[in-house]
Amino acid sequence: MTNLVPLDKDQHSELRIITHHGKEYGENVHLTPIVATELQSLVLDYPCALMKDEQTGHFGLYALLGFENNENLYLQQDQWRASYIPLHIRRQPFVSVTAQNQQGRGNLLIDLDSARVNKEQGEPLFNTDGTNSQYLQNTQQLLGALMGGIQASQAFVQTLTELALLEPIKLDIAFASGQKQTYQGLYSVSAEKLSALQGKNLQTVHERGYLNACHYLLASLGHIRKLVDWKNAQEPSQ
Amino acid sequence: MQQPIQSIVIVGGGTAGWLSAGVIAARLNATQEKPVKVTLIESPNIPIVGVGEGTWPTMRNTLKKMGVRETDFIRECHVSFKQGAKFARWHTGKTEDAYYHPLILPQGFNHINLAPHWQVQPRGTSFSQAVCPQDALCERSLAPKMITTPEYQGLANYAYHLDAGAFSNFLTRHCTETLGVQHILDEVVGIKTANNGDISALLTESGAELAADLFIDCTGFKSKLLGEHYQIPFKSCSDILFADTALAVHLPYQQPDTEIASHTISTAQSAGWIWDIGLASRRGVGHVFASRYTDRDSAYRELAEYAAQTGHKLDNLSVREIPITPGHREKFWHKNCVAVGLSAGFLEPLEASALVLVEISADFIASQLPANRAVMDTVARRFNRTFHYRWERIIDFLKLHYMLTVRDDNDFWIDNRDPVSIPDSLHELIELWRYHPPWDNDFDHATEVFPAASYQYVLYGMGFHTQAHPAGLSAQQKQLAKQAFAKNIEMTQKLASVLPGNRELINKIYRHGLATV
């Protein structure tokens, strides 16, 4: 499914990247990883919560896009019903790996099997003189922001865990179709425990900007209602 | 007499002492404005017995209430998960003879008794297999939970196998660093008594006088306060339970990734049985036998043969001999002294009753701590009544494992069926169960150490037959039972497909830890 190789300006000089949106580009997902540094933007459009990694049990941050596999309620043909699109979606088809190369910079990998990669349409990766295109420079910047964000998220989640601020959220949703479903495995900040923070712990959380991030997480859950409405509205056509 | 109880001194620093200290301190810190002061004095010279390595599921709640992180406990006490016990060769003694006593109640236990329905089924599926998924999970060495399951929660009910020595050290740190228990390393060399016969203070080797309002005797087999000082007689039950010696050994795993059994394995021998407890770090194996029916050399040989099955040479390992006297003190709480742990009594570890008795004793003391000396005698009487009942029920339950055997290869098994060796209370229950399958209201207390379900697992595992009721079973009951049996099959398949191996999960916990939520 994926074929990740290091980006190489000789081998990949002719490649172009389609930057449109749509399910043909793998955007039809009901969850996407997010980073703490983009919560301020995400909170305006998406419900954001924590989930555990199945292999390690570690918490990670996610935006909810739908209620079941292959359901992205934000995606309407080639448009997202949102003013901001998560970094993990926008980075496609690139991945940055933390291993450092000789220049001390992160390696950029490209997924050659991605439907975005072709030689006919979209943004070129390299200029005719072999230098990086504006698009590639932007992408490198985006991946840099993402890598920084991943580290910040890990520190954020670790603090939430250490201060025991997380609690499971159970979603019982009755859809207009009559279908009732319980969603488990989602976690958020406990408003009660957050407001009970005192002294040094409160100061730490405030100084690192985590207090805001916690409030964003809590506020973002209001968007679940919107997703239910969207799902109800599209139900008859399916 | 109206002076409030303000200080407790616990004597002895084994698992019983530290577990009591932790349970009591955590409870009183949480409930009292001015918590009672808890001090534990332990001799720097006495090694702990440390053979209690199997727990009950109750230990999860006990540790949680003490504020212990399950991740820390698992990592530091070489813990593995226990989902029950497998009894091999207890019934007929043949190679294929085995049954499980799992920890999950039979399917739908709060609304239907499946035993009579199982008895009329075509043979082939054992009782525990028909009503509970844990046979299948144990046979596959699966864990009771996943890495994403929060601490102390499980997809299947579970207890622990733990390293008793490491557990004592772990509890010492938690009690002293987190719960404010004062720790004194000193020898108790004398006891000072008050006019009313109470212990007023302990005199120590270093010349200190340790006064307290209540003393908890956790001094092990020695029973220094209750036995030696107060001379409370020991009530032996060796006429019921014959085992009097244990040979214990630690077996290393052959490979670091050798699978860890998810249950205690108890394999009957010619005049006793061998326990096999898999920890994360090693196995603890021991032969409990009755020297009236076999000699030490034969018992050693049987243990050596057992160890040889996994390629271990017993002669190269250090084998500890532990004399055991089954029974308990006639009273547990006398004056201002209460015994918890081996100082109160001992029974062979057939159903891991040692630690659970410590937990419920400490819980009783913590939750019903006398407000003052005047009411202490009342609390003591109630404590003695409750724990007499508990010890008798445990003795009955252990005896049940022996009395239903059909083995006749050694007088040990034949004599175990002799009616004179069977307590009247157990006789009566067996008479009842010939015609009625065990149910919760067969017992006097609302909370029993062993619920009716445990009796069902052992009875039907041992081939016992309850006669079908002459009035038959209604169509509605049959339908409910059918659904419950089907649900059990479904649940078994589902759990077996998602649960990781015991070793795999423990490795992951070492690496990643479990979350508290």
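The rules we used
Residues numbered from 1 in each chain as written. Chains lettered and ligands numbered in written order. Predicted model: local features only at pLDDT ≥ 70, side-chain atom pairs only at ≥ 80, totals over all residues. Helix = DSSP H or I, 4+ residues; strand = E, 2+ residues; numbered from the N terminus. Rg over C-alpha atoms; globule rule 2.2 N^0.38 Å. Buried ≥ 20, exposed ≤ 12 C-beta atoms within 10 Å, placed from the backbone. Contact = placed C-beta atoms within 7 Å. Domains from an automatic or database assignment. Axes fitted to C-alpha atoms, helices over the stretch in contact; angles between N-to-C directions. Left-handed = near helix turned anticlockwise from the far one by under 90°. Nonpolar A, V, L, I, M, F, W, Y, C, P; charged D, E, K, R; others polar. Pairing = 2+ DSSP bridges. Expected span 1.5 Å × (residues − 1). Arc of directions from axis to C-beta. Core = buried A, V, L, I, M, F, W, Y, C linked by C-beta atoms within 7 Å.

Q: Tell me about the overall build of chain B, residues and numbers included.
A: A count of helices and strands for chain B gives 16 helices and 21 strands. Computed over its C-alpha atoms, the radius of gyration of chain B comes to 23 Å, within 12% of the 24 Å expected for a compact globule of 517 residues. Dimensions of chain B, computed from C-alpha atoms along their principal axes, come out at roughly 70 × 50 × 50 Å. Per-residue burial for chain B yields a buried fraction of 48% across its 517 residues.

Q: Which residues make up the overall build of chain A, and what values do they have?
A: On a plain count of helices and strands, chain A comes out with 7 helices and 13 strands. Here the C-alpha coordinates of chain A stretch approximately 60 × 50 × 30 Å along the principal axes. Per-residue burial over chain A gives 22% buried out of 238 residues. Expressed as a percentage of contacts within chain A between residues at least 6 apart in sequence, the contacts between residues at least 24 apart total 72%.

Q: An account of the environment of Ser133(A) is needed here, citing residue identities and associated values.
A: All names here are of chain A. Summarising the element assignment, Ser133 is placed in the loop between strand E11 (123-124) and helix H3 (134-162). For Ser133, a count of 16 C-beta atoms within 10 Å translates into the label partly exposed. Not counting the four nearest positions on each side in its chain, Ser133 is found in contact with Glu123, Pro124, Leu125, Phe126 and Asn127.

Q: Summarise the domain arrangement of chain B; cite the residues concerned and give the values.
A: All names here are of chain B. By domain assignment, chain B separates into domain 1 (7-78 + 160-237 + 327-393) and domain 2 (106-137 + 423-497). For domain 1 versus domain 2, the distance between C-alpha centres works out to 36 Å. Contacts between the two partners involve 5 residues from domain 1, matched on the other side by 5 residues from domain 2. The dominant element in the side of domain 1 that touches domain 2, judged by the number of residues it contributes, is helix H11 (residues 373-403), at 4 residues.

Q: Quick one: what's the story with the packing of helix H1 (residues 15-31) of chain B against helix H7 (residues 164-177) of chain B, residue by residue and with numbers?
A: All names here are of chain B. Taken N-terminus to C-terminus, the directions of H1 and H7 make an angle of 35 degrees; their axes are 9 Å apart at the nearest point. For the crossing formed where H1 meets H7, the hand is left-handed. Within the contact between the two elements, H1 uses Thr15, Trp18, Leu19, Ala21, Gly22 and Ala25 and H7 uses Ala164, Phe167, Ser168, Leu171, Thr172, His174 and Cys175. Grouping the constituent residues of the contact of H1 with H7 by class yields 8 nonpolar, 5 polar and no charged.

Q: Describe the sheet that holds strand E18 (residues 327-329) of chain B, with residues and values.
A: With antiparallel pairing, 3 strands are arranged side by side in an open sheet as E12-E18-E21 (chain B). The sheet terminates laterally at strand E12 (234-236) and strand E21 (345-346) of chain B, the two strands that pair on one side only.

Q: Report on the environment of Thr176(B), specifying residues and quantitative values.
A: All names here are of chain B. You can see Thr176 is positioned in helix H7. Of the residues examined, Thr176 has 16 C-beta atoms within 10 Å and is grouped as partly exposed. For the pair formed by Thr176 and Gly22, sequence separation is 154 residues and the distance between their alpha carbons is 9.1 Å. With residues near it in sequence (within four places) discarded, Thr176 still touches Val181 and His183.

Q: Report on unusual backbone geometry, specifying residues and quantitative values.
A: Residue and element names in this part refer to chain A. Across the junction of Gln92 and Pro93, the peptide omega takes the value 0 degrees, indicating a cis bond. Tracing the chain through its elements places Pro93 in the loop between helix H2 (87-90) and strand E8 (94-100). A positive phi angle, close to 55 degrees, is found at Ala164, a residue other than glycine. Residue classification places Ala164 among the exposed residues on the basis of 12 C-beta atoms within 10 Å.

Q: I'd love a proper account of helix H10 (residues 353-367) of chain B, names of residues and values included.
A: Because each turn of an α-helix spans 3.6 residues, side chains separated by three or four positions in sequence point in the same direction. Its 15 residues give H10(B) an end-to-end C-alpha distance of 21 Å, which sits within 8% of 21 Å, the value for a rise of 1.5 Å per residue. Burial of H10(B) is extensive: 13 of the 15 residues sit out of reach of the surface.

Q: So what about the pairing of strand E15 (residues 272-278) of chain B? Which residues, and what values?
A: All names here are of chain B. Among the 7 residues that make up E15, 7 are buried, leaving the element largely enclosed by the rest of the structure. Burial along E15 is two-sided: Gly272, Ile274, Asp276 and Gly278 and Trp273, Trp275 and Ile277, pointing in opposite directions, are all buried. In the sheet, strand E14 (residues 264-268) pairs with E15 via 4 bridges, with the strands oriented antiparallel. When the bridges of E15 are listed, Thr267 appears paired with Ile274. A loop of 3 residues connects E14 with E15, the two strands running antiparallel in sequence. Linking E15 to strand E16 (residues 282-289), which pair antiparallel, is a turn of 3 residues.

Q: Break down helix H2 (residues 58-65) of chain B for me, with residues and values.
A: Residues and elements named next belong to chain B. Turning to H2, its buried residues are Met59, Arg60, Thr62 and Leu63. Burial along H2 is one-sided: seen end-on, the buried residues are contained in an arc of 165 degrees. Residues of H2 that are buried make contact with H1, helix H3 (70-76), strand E6 (159-161) and H10.

Q: Go over the nonpolar core with me, naming the residues and quoting the values.
A: Ranked by internal contacts, the top residues of the largest apolar core, which has 183 residues, are Cys48(A), Val11(B) and Ile24(B). Split by domain, this core shows at least three residues from each of two domains, domain 1 (7-78 + 160-237 + 327-393) and domain 2 (106-137 + 423-497) of chain B. Discounting residues that sit within four places of it in the chain, Ile24(B) has contacts with Ile8(B), Val38(B), Ala362(B), Ile365(B) and Ala366(B).

Q: Tell me about the sheet that holds strand E9 (residues 199-204) of chain B, residues and numbers included.
A: Residues and elements named next belong to chain B. With respect to topology, 3 strands assemble into an open sheet ordered E8-E9-E10, the strand pairing being antiparallel. Each edge of the sheet is formed by a strand with only one pairing partner; in this case those strands are strand E8 (188-193) and strand E10 (209-211). This sheet shows a mean twist of 25 degrees between the axes of neighbouring strands, independent of strand direction. Bridge count for E8 against E9 is 5 bridges, and the pairing is antiparallel. Paired with Ile191 across the strands is Leu202, a residue of E9.

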